[in-house]
Amino acid sequence: MSSYQGVIVSDPWLQSQFTQVELRTLKSKFINVRTQHGRVTLGDLPPVFSKLKAFTEMFNEDEIKTVLGESNSDMGEEIDFEGFLRAYLNLQTHAIEKSGGTKSSFLKATTTTFHHAINESEKASYVAHINNYLAEDKFLKDFLPIDPATDALFDLAKNGVLLCKLINVAVPGTIDERAINTKKVLNPWERNENHTLCLNSAKAIGCTVVNIGTQDLAEGRPHLILGLISQIIKIQVLADLNLKKTPQLVELVDDSQDVEELLSLAPEKVLLKWMNFHLKKVGYEKQVTNFSTDLKDGEAYAYLLNALAPEHSTPSTLDTSDPTERANMVLQQAEKLECKRFLTPKDIVEGSPNLNLAFVAQIFHNRNGLSTESKNMSHAEMMSDDVETSREERCFRLWINSLGISTYVNNLFEDVRNGWVMLEVLDKLFPGTVNWKQANKPPIKMPFKKVENCNQVINIGKDLNFSLVNVAGNDVVAGNKKLIVAFLWQLMRFSMLQLLKNLRSYSHGKEITDADILNWANNKVKKSGRTTQMESFKDKSLSNGVFFLELLTAVEPRVVDWNLVTKGETDEDKKSNATYIISVARKIGCSIFLLPEDVIEVNQKMILTLTASIMYFCLQQQGEGPDDSDLASEVSRLSVDGSVSDAAPSPQAED
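Thresholds, definitions, all that
Residues numbered from 1 in each chain as written. Predicted model: local features only at pLDDT ≥ 70, side-chain atom pairs only at ≥ 80, totals over all residues. Heavy atoms only, no water. UniProt positions renumbered as here; feature names shortened; annotations may be inferred. Phe/Tyr/Trp six-rings, centres within 6.5 Å; stacked < 30°, edge-to-face > 60°. Helix = DSSP H or I, 4+ residues; strand = E, 2+ residues; numbered from the N terminus. Lys NZ or Arg CZ within 6 Å of the ring centre and 35° of its normal. Buried < 20%, exposed > 50% of the residue type's maximum accessible area, 1.4 Å probe, protein only. Contact = heavy atoms within 4.5 Å. Polar contact = N/O pair within 3.5 Å; in protein donor to acceptor, adjacent residues only side chain to side chain. 1 Å grid on protein atoms, 1.4 Å probe; cavity = no way out; pocket = protein on both sides within 12 Å on 5 of 7 lines; lining within 4 Å. Points joined across faces, edges and corners; volume = space filled by probe spheres on them. Nonpolar A, V, L, I, M, F, W, Y, C, P; charged D, E, K, R; others polar. Expected span 1.5 Å × (residues − 1).

- An unreviewed UniProt entry annotates the protein as Calponin-homology (CH) domain-containing protein of Gossypium barbadense.
- As recorded by UniProt, the Subunit (unreviewed entry) comment attached to the protein reads in full: "Interacts with F-actin."
- One UniProt comment on the protein, placed under Subcellular location (unreviewed entry), says "Cytoplasm, Cytoskeleton".

In structure tokens:
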């Protein structure tokens, strides 16, 4: 396996302002300009910067030219890569000032380079969470508890074990811990494997990590590590905020139509709806719309806890006029419900959105106050999908979110119905295919505008030669799950085949087929001296997992510990092998979203994606891929979020 080579900048301060993924992408932009013009000047930058999503909605080319000209009167002066980065930071500063200097929340999306300040309260809260949930871990107990007053958290994160373990706390079973390198002293290769496993697994549970590289974790970069930890913890604390885990949530709505709307809400919105439901019952007249300013005075908390736990309520909580004193009393009351104190009265008074969200979620988890007698309970149960559809929904939802598009998908079948998400995905994968002038940006009130978006989606699919006989935009708007899954599968498959085709020395520019992937895998295993083969991607013999473990061994001989592999004769052994396959594949660098059940049941679609991902990784490592500039372009297109990637012209269409 080749080692990761980062982009090195001679100025340490300048290097510290960017993640490795950003540096690789910006280096690609710089090289492209130099290739086109023979050199790079400040005058070349406005058209380049105006297409970066970080700036496209802030500045046009003329405004960028004015900003850059303020610091250097000679726009024809040649600049090197460091000058390119300094110009980027200069424009970034103006963008922050123009937006009012608003800081983005760690919990909302990817961490950006705009703000590197560390919130010590959040850090202390995350450390307390880690100390509580991982205290008994066999490997980490020698390093815990972590002292929040030091940088011990970031030092411990450098070997990757902590973050992998935390992912398993958030979503148990995500990582087969047999795949984690847990020696006391790890070499750089082993650390890189842990970080690769961590990032690919984080994507697989719904984190947005497109702006973080393994090198960033190995360096222990505080703002990126806190951003990732924050997302992981958020997923953990909001895990029960859906009808599948907590069907009692139907009590929040009045009829079946509202149940469908509840299904489409993000977990945070469900939590707010739950909070306001109880507040209304006890006469609290205000509406809580956020986890920050609306909670600063502590009154909403006092009313909520009085509603949920009247046996612990006291009039003095509302009688006091001091918000800090009230916040402290709220925390004392919550502790009686076994809510651990991961935030302080100061965090409530200052309106920390991340910590308040986690606190409200903890209250919900310990006492949600909902009934199981709701008239809508049976309707909610009837709306549940079959198992295979649920797994496919999960796979495509996580895959879409991993691309780093602007919209975060919470419920696939609801969120794609207006067509906008589909257009974003198509534009991300195949830049230039979407006509944004004919697209309608959410919120969309008029149904025909949703149909217009979806019709464009279908037309682009037809241009890509997807099988879409008798399929129209109306089918997507209507939420036809079968057709939505069929379209997304073709989209995922096509993008994978295009990536393989781009490995020119392998494909020689020819179209890659499913048969090519099948033949490659069989030949790879055969050349390694093993005899297992697969007849097709639905070959039932694949259910024991042995073929894929042999394929992974053929790709990277040291990555599979055969002492941990079973013959796959029983269901339990098959599950053990399948879980191990997924973690080992992620460990070497495969970004995959299948579950062990997909291997055991030989889900044809998921088996193909697994094989293609292993093939793509292998061919890249063997140097059979494109040259450095092409590879950087691929990284930019598929692996970097909007803060540094190209974007189509900002859509202007309105309802």
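Focus on the packing of aromatic side chains
Here is step 1: Under the criterion given, the structure shown has 16 aromatic pairs.
Here is step 2: Both rings, one in Y284 and one in Y303, keep their centres 5.0 Å apart while their planes meet at 50°; by these two values the pair is tilted. Taken as a pair, Y284 in the loop between helix 13 (267–281) and helix 14 (299–308) and Y303 in helix 14 lie far apart in primary sequence, 19 residues in all.
Here is step 3: Among the aromatic side chains, those forming a connected cluster through ring pairs are F30, F49, F55, F81, F84 and Y88.
Here is step 4: Here K184 stacks its cationic end above the ring of F139, 5.5 Å away from the centre of that ring.
Here is step 5: Its guanidinium or amino end placed over the ring of W189, R558 lies 4.3 Å from that ring's centre, counting from NZ or CZ.

Overview of the environment of F537
Here is step 1: Its location among the elements puts F537 in the loop between helix 27 (514–527) and helix 28 (546–555).
Here is step 2: Judged by its relative accessible area of 7%, F537 falls in the buried class.
Here is step 3: Separated by 71 residues in sequence, F537 and L608 have C-alpha atoms that sit 6.1 Å apart.
Here is step 4: For F537, the contacting residues outside a window of four places in its chain are D514, I517, L518, L542, V602, Q604, I607, L608 and T611.

Let's talk about the side chain of D137
Here is step 1: Among the structural elements, D137 can be located in the loop between helix 6 (120–133) and helix 7 (152–157).
Here is step 2: In this structure D137 comes out as buried when scored by relative accessible area, which is 13%.
Here is step 3: There is a polar contact of 3.0 Å between the side chain of D137 and the backbone nitrogen of F139.

Side note on empty space enclosed by the protein
Here is step 1: A full pass over the atoms with the stated rule returns one cavity of 30 Å³ or more.
Here is step 2: Taken as a whole, the largest cavity holds about 30 Å³ of empty space.
Here is step 3: Every residue lining the largest cavity is listed: I458, V471, D475, V476, L483, I484 and F487.
Here is step 4: Listed by contribution, the elements that provide at least two residues to the lining of the largest cavity are helix 24 (473–477) and helix 25 (481–501).
Here is step 5: The leading source of residues in the lining of the largest cavity is helix 25, at three residues.
Here is step 6: Its residues assigned to classes, the lining of the largest cavity comprises six nonpolar, no polar and one charged.

What about the side chain of K123?
Here is step 1: Relative to the elements of secondary structure, K123 occurs in helix 6.
Here is step 2: Using a relative accessible area of 3% as the deciding quantity, one classes K123 as buried.
Here is step 3: Within the structure, the side chain of K123 is placed 3.3 Å from the backbone oxygen of P148, a separation counted as a polar contact.
Here is step 4: Excluding anything up to four places from it in sequence, K123 contacts I118, P148, T150, D151, F154 and L226.

Re the environment of N192
Here is step 1: By the secondary structure assignment, N192 is in helix 9 (residues 188–205).
Here is step 2: Remark: the alpha-carbon pair of N192 and I588, spanning 396 residues in sequence, is separated by 9.1 Å.
Here is step 3: Looking at N192, its side chain comes within polar contact range of the side chain of T214, at 3.1 Å.

Re helix 23 (residues 447–463)
Here is step 1: Between its first and last C-alpha, helix 23 extends 25 Å over 17 residues, near the 24 Å set by a 1.5 Å rise per residue.
Here is step 2: Among the residues making up helix 23, those that are buried are K449, V451, N453, C454, Q456, V457, I458, I460 and G461.
Here is step 3: Immediately beyond the C-terminal end of helix 23, within one or two residues, lies N465, with a positive phi of roughly 65°.

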